Amino acid sequence: MRPAYREGLWPWLFQRVTAVILAVGLLLHFVAVHFMVKRPLSFDQIRERLATPTWAIIDGILLVCAVYHGLNGVLGIYQDFNPRPGMRRFVGALFGVVGLLTVASGIYVLAHHVQAAQYLALRK
Amino acid sequence: MRQSGGFFGDLRLNLNPGHLGYYAMRLTGIALAVYVFAHIYSLHFVTETAKTNNPWDGINAWNKMVGAYDSVIGHVIEYLLLLAVVFHMFNGLRLVFIDWFELSKRANRMLYLTVLCMVAVCAIAAPVFFPEIFGRVG
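### Here's the deal with the packing of aromatic side chains
Residue and element names in this part refer to chain A. Enumeration over the complete set of coordinates arrives at four aromatic pairs over all chains. With a centroid separation of 6.1 Å and 90° between ring planes, the pair formed by Phe 14 and Tyr 68 is classed as edge-to-face. Of this pair, Phe 14 sits in helix H2 (residues 9-35) while Tyr 68 sits in helix H4 (residues 53-80), placing them 54 residues apart in sequence. On the accessibility criterion, Phe 14 (40% relative accessible area) is partly exposed.

Structure representation (structure tokens):
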């Protein structure tokens, strides 16, 4: 039998740790998006928030945690159906690649938001 | 011993609040995982800037995309999303507390009740968050 730390301890632990980070971060995100802006929502409304490095870092942390938590959760559901070991490894690797690509594209988008926000702040 | 009847058979055989919560946690989890990817995709519109080298182009595309969400259907989806997040978040925190602090059965039951109350409070407080679909309060 393989030791617990190789069998699923780390995914279990990270799922809990990201859950706690997301619970706090999502509340901040929700308050910032729904109560610190006026309707209708426009890019101009969120410009000041994204031009602040603190918010950009918070959004970056949320991105990594949300993608990990989401994919690891769905992978856990898939494993509950008791797939063959080969398929289990394949789907795990596939989710890993999808997660890395999503985080990379998310950081690219976030960086672009920050860049556009700073551009507009300079023009003002 | 009676054999398990598969995914939905298990639910039928163990029809209790805890087991229903387990299924609700999974269903909301899948829905939220799908939403995270849609959310990241929809925010990419601002990068249209890269193609024309004019930051305003991307921002206009982004505003147009956000405008599409500003409809009754968009707000109903947002409302359901809020309820899914609240349930998934508080029920998830309950599981973390149980795992890490070895809570008693009674404390677990009280926490579960608290989770359901939080969902009910958010469902009732919806007009505050979404005046567009429920009418303004006051």
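Having seen the structure, we can now continue with the description.
### Some points on the environment of Asp 99 of chain B
One can find Asp 99 of chain B in helix H5 (residues 72-101). Residues within four places of Asp 99 of chain B in sequence aside, it is in contact with Trp 12 and Arg 16 of chain A. Separated by 2.8 Å, the side chains of Asp 99 of chain B and Arg 16 of chain A make a polar contact.

### Observations concerning the side chain of Thr 102 of chain A
Along the chain, Thr 102 of chain A falls in helix H5 (residues 85-123). Under the relative-accessibility criterion, Thr 102 of chain A is labelled buried at 10%. Not counting residues within four places of it along the chain, the set of residues in contact with Thr 102 of chain A comprises Val 67 of chain A together with Phe 37 and Ile 40 of chain B.

### Points about the interface of chain A and chain B
Listed by partner, the interface residues are 40 residues for chain A and 35 residues for chain B. Roughly 3,000 Å² is buried in total at the junction of chain A and chain B, and carbon and sulfur atoms are behind 77% of that figure. Between the two partners, chain A and chain B, sit three residue pairs in polar contact (both at pLDDT 80 or more). Mapped onto the side of chain A that touches chain B, the elements with two or more residues apiece are H2, helix H3 (43-50), H4 and H5 of chain A. The greatest single-element share of the side of chain A that touches chain B, amounting to 12 residues, is contributed by H5 of chain A. Classifying every residue of the side of chain A that touches chain B gives 25 nonpolar, 11 polar and four charged.

### Structural notes on the packing of H4 of chain A against helix H2 (residues 17-43) of chain B
How two helices pack is summed up by the angle between their axes together with the distance between the axes. For the pair H4 of chain A and H2 of chain B, interaxial distance at closest approach is 9 Å and the crossing angle is 135°. Classed by the angle they form, the pair H4 of chain A and H2 of chain B counts as oblique. Considering how the two elements wind past one another, H4 of chain A and H2 of chain B form a crossing that is left-handed. Counted together, Leu 63, Ala 66, Val 67, Gly 70, Leu 71, Val 74, Gly 76, Ile 77 and Asp 80 of chain A of H4 of chain A and Tyr 22, Arg 26, Ile 30, Ala 33, Val 36, Phe 37 and Ile 40 of chain B of H2 of chain B form the full contact between these two elements. The class makeup of the residues in the contact of H4 of chain A with H2 of chain B is 12 nonpolar, two polar and two charged.

Conventions used here
- Residues numbered from 1 in each chain as written.
- Chains lettered and ligands numbered in written order.
- Predicted model: local features only at pLDDT ≥ 70, side-chain atom pairs only at ≥ 80, totals over all residues.
- Heavy atoms only, no water.
- Phe/Tyr/Trp six-rings, centres within 6.5 Å; stacked < 30°, edge-to-face > 60°.
- Helix = DSSP H or I, 4+ residues; strand = E, 2+ residues; numbered from the N terminus.
- Buried < 20%, exposed > 50% of the residue type's maximum accessible area, 1.4 Å probe, protein only.
- Contact = heavy atoms within 4.5 Å.
- Polar contact = N/O pair within 3.5 Å; in protein donor to acceptor, adjacent residues only side chain to side chain.
- Buried area = accessible area lost by both parts, 1.4 Å probe.
- Nonpolar A, V, L, I, M, F, W, Y, C, P; charged D, E, K, R; others polar.
- Axes fitted to C-alpha atoms, helices over the stretch in contact; angles between N-to-C directions.
- Parallel < 35°, antiparallel > 145°, perpendicular 65-115°, else oblique.
- Left-handed = near helix turned anticlockwise from the far one by under 90°.

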